[in-house]
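Reading the structure
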Amino acid sequence: DTYGDAGHVIDEDLNLGIAVDSEPGSQNSPDAQGDDNNGDDEDGVTFLTTSGNCFGAPGSMQTLEINVENNTLGDAYLSAWIDFNGNGQFDTNETILSNEVVSPIPGLQTIAYTYTVPSNAVPGATYARFRLSPNPILDPSGIDVAGGEVEDYACTIGDIEYDYGDTPASYGSFGIAVNTGTPSW
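The text that follows walks through the structure, step by step, so that each part is easy to find. Please read these numbers as outputs of a predicted model, since none were measured by experiment. (Residues numbered from 1 in each chain as written. Predicted model: local features only at pLDDT ≥ 70, side-chain atom pairs only at ≥ 80, totals over all residues. Heavy atoms only, no water.)

Before going further, it helps to examine the sheet that holds strand 8 (residues 124-133). An order of 6-5-8-10 is seen for the four strands of this open sheet, with the pairing classed as antiparallel. Edge positions in the sheet fall to strand 6 (95-102) and strand 10 (149-157), since each has one partner strand and no second. Strand-to-strand twist across the sheet, computed as the mean angle between neighbouring axes with direction ignored, equals 15°. (Pairing = 2+ DSSP bridges. Helix = DSSP H or I, 4+ residues; strand = E, 2+ residues; numbered from the N terminus. Axes fitted to C-alpha atoms, helices over the stretch in contact; angles between N-to-C directions.)

Structure below.
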């Protein structure tokens, strides 16, 4: 695994999303869901701009929501990386969140965040990693014995594709005509 293994000791009071499960070791897979054979625990991050995937064209703004539980007595820290250049590792300049403080508030908190896909991002399949810890997070890999959670996501960087209508140009491509009268046929 070129991205490096990442893990956290499970702490039921500090989670990304609601579900968390344990694994006997790394469960690397091309779709980043190798650890989901006994239930999907990658439920902390939703990529809003692109219907669930961190897909986006180079230079585009992307919005995501991160659901976090911090039922501890202290601050927690959230960091995230996306491999924008597709080189198989999370480089320092690919950090999209760096030790964002998550205050101890009972229950699920939602953090909204917007980032820009770099204009030099390499189109194609890649990965994102999110880490939550009671300690500041310096690296995308490594084992955190203090607690928290890591979630990895498969992503695609590329142009957004549209499905356009096929009517003549005089009808327009983006408008919807609404008739509130009674049909005459």
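Moving on to a nonpolar patch on the surface. Together, Val9, Ile143 and Val145 give the surface a local cluster of nonpolar side chains, amounting to about 310 Å² of exposed area. Looking at the secondary structure, you find Val145 in the loop between strand 9 (142-144) and strand 10. For Val145, a relative accessible area of 67% corresponds to the exposed category. (Patch = residues over 30% accessible without salt bridge, like charges linked within 9 Å, V, L, I, M, F, W, Y side chains within 5 Å. Areas by Shrake-Rupley, 256 points an atom, 1.4 Å probe, with all protein chains shown as cover. Salt bridge = Lys/Arg side-chain N within 4 Å of Asp/Glu carboxyl O. Buried < 20%, exposed > 50% of the residue type's maximum accessible area, 1.4 Å probe, protein only.)

To continue, consider the environment of Ala125. Summarising the element assignment, Ala125 is placed in strand 8. The spatial distance from the C-alpha of Ala125 to the C-alpha of Thr156 is 4.5 Å, given a sequence separation of 31 residues. In this structure Ala125 touches Cys155 and Thr156, once residues within four positions along its chain are discounted. (Contact = heavy atoms within 4.5 Å.)

Turning our eyes to something else, we now look at the side chain of Asn70. Among the structural elements, Asn70 can be located in strand 4 (residues 61-70). Its relative accessible area of 0% is what places Asn70 among the buried residues. In terms of polar contacts, Asn70 uses its side chain to reach the side chain of Thr72, at 2.5 Å. (Polar contact = N/O pair within 3.5 Å; in protein donor to acceptor, adjacent residues only side chain to side chain.)

Let's shift gears to the packing of aromatic side chains. Under the counting rule described, the total for this entry stands at four aromatic pairs. Each ring, one from Phe47 and one from Phe130, has its centre 6.1 Å from the other, and the planes form 65°; the classification is edge-to-face. Here Phe130 lies in strand 8 and Phe47 lies in strand 3 (residues 45-47), a separation of 83 residues in the sequence. Like Phe130, Phe47 is buried. Each ring, one from Phe130 and one from Tyr153, has its centre 5.8 Å from the other, and the planes form 90°; the classification is edge-to-face. With Phe130 in strand 8 and Tyr153 in strand 10, this residue pair connects regions lying 23 residues apart in the sequence. Grouping residues by exposure puts Phe130 and Tyr153 together as buried. Cluster of aromatic residues (ring-pair linked, three or more members): Phe47, Phe130 and Tyr153. (Phe/Tyr/Trp six-rings, centres within 6.5 Å; stacked < 30°, edge-to-face > 60°.)

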